[in-house]
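Each chain, letter by letter, is given below.
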Amino acid sequence: MVLGEKKRSWKQNFAIVSPSNWLAKSAKNSSLMGSWDIDVIPNPIDTNLLKPYPKNLCRELFKLPLNKKIILFGAIGGTKDNRKGADLLIQAINYIYKEIPDAIAVIFGESNYSGELKSNIPIYLYTL
């Protein structure tokens, strides 16, 4: 949606919540959101401890192909609890496979896996 469409469509101001002062300042400086209420709620993750690492290093550590697109899904009990959306995940990755045949799926968060997921995409599973 381009700026003109947003200005026409968004008749009321939204309350904006940003995880950083930098993003809040960017929103405050925008012509669209500059007059809106903007608050900062910092990310609760300790970014000194948990931070991005080089993609190739991470893929090597987890034995993932370097040249594939990754679809990531994580949830405790995600493949067993229907509320977590595993059925929708399988539909989505089978659809994506038609468009991006070099994709793989990475699923994490299961304590044990029953092997019930049927997919055209290779699935890499990381259990707890």
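Residues numbered from 1 in each chain as written. Predicted model: local features only at pLDDT ≥ 70, side-chain atom pairs only at ≥ 80, totals over all residues. Heavy atoms only, no water.

1. Overview of the pairing of strand β3 (residues 69-74)
Part 1 of the reasoning: Here β3 pairs with strand β4 (residues 103-110) via 6 bridges, running parallel. If you follow K69 over to β4, its bridge partner there is A103.
Part 2 of the reasoning: The parallel pair β3 and β4, bridged by helix α4 (residues 86-99), forms a crossover whose chirality is right-handed. (Pairing = 2+ DSSP bridges. Helix = DSSP H or I, 4+ residues; strand = E, 2+ residues; numbered from the N terminus. Right-handed = clockwise from strand over helix to strand, strands pointing away.)

2. Considerations on α4
Part 1 of the reasoning: Compared with the 20 Å implied by 1.5 Å per residue over 14 residues, the 20 Å span of α4 between its first and last C-alpha is a close match.
Part 2 of the reasoning: Looking at α4, one finds that the buried residues are A86, L89, I90, I93 and N94. Along α4, the residues classed as buried sweep out an arc of 130° about the axis, all on the same side. Of the residues in α4, the exposed ones pointing more than 90 degrees away from the buried face are L88, Q91, Y95, K98 and E99.
Part 3 of the reasoning: Here the buried face of α4 lies against β3 and β4. (Expected span 1.5 Å × (residues − 1). Buried < 20%, exposed > 50% of the residue type's maximum accessible area, 1.4 Å probe, protein only. Arc of directions from axis to C-beta. Contact = heavy atoms within 4.5 Å.)

3. Considerations on the packing of aromatic side chains
Part 1 of the reasoning: Scanning the model with the defined rule gives 4 aromatic pairs in all.
Part 2 of the reasoning: A centroid spacing of 6.1 Å and a plane angle of 45° characterise the contact between W10 and W36, whose relative ring orientation is tilted. Placement of the pair is W10 in the loop between α1 (3-9) and β1 (16-18) and W36 in the loop between α2 (21-28) and β2 (38-40), with a sequence separation of 26 residues.
Part 3 of the reasoning: Here the aromatic rings of F62 and Y126 are separated by 5.5 Å at their centres, their planes lie at 85°, and the arrangement is edge-to-face. Remark: Y126 occurs in strand β5 (residues 123-127) and F62 occurs in the loop between α3 (55-61) and β3; sequence separation between them is 64 residues.
Part 4 of the reasoning: Given the relative accessible area of 46%, F62 is considered partly exposed.
Part 5 of the reasoning: Among the residues examined, Y126 registers a relative accessible area of 25% and is labelled partly exposed. (Phe/Tyr/Trp six-rings, centres within 6.5 Å; stacked < 30°, edge-to-face > 60°.)

4. A closer look at unusual backbone geometry
Part 1 of the reasoning: Phi at K63 is positive, roughly 55°, even though this residue is not glycine.
Part 2 of the reasoning: Within the secondary structure, K63 is located in the loop between α3 and β3.

5. Observations concerning the sheet that holds β5
Part 1 of the reasoning: Ordered in space as β3-β4-β5, the 3 strands form an open sheet in which the pairing is parallel. Two strands in the sheet have a free side with no partner beyond their single neighbour: β3 and β5. When the angles between neighbouring strand axes are averaged without regard to direction, this sheet yields 20°.
Part 2 of the reasoning: Examined bridge by bridge, β4 and β5 share 5 bridges and lie parallel to one another. Bridge pairing in β5 places A105 opposite I123.
Part 3 of the reasoning: Along the sheet, α4 makes contact with β3 and β4, crossing β3 at roughly 175°. (Axes fitted to C-alpha atoms, helices over the stretch in contact; angles between N-to-C directions.)

6. Considering the nonpolar core
Part 1 of the reasoning: Formed by 13 residues in total, the largest nonpolar core has its most connected members in I71, F73, L89, I93, I104 and I121.
Part 2 of the reasoning: At 5 residues, β4 tops the list of elements feeding residues into this core.
Part 3 of the reasoning: Apart from residues no more than four positions distant in its own chain, I93 is found in contact with I71, A105, S119 and I121.
Part 4 of the reasoning: One finds A24, L32, W36 and I38 within the second-largest nonpolar core, a separate group that totals 6 residues. (Core = buried A, V, L, I, M, F, W, Y, C linked by side-chain atoms within 4.5 Å.)

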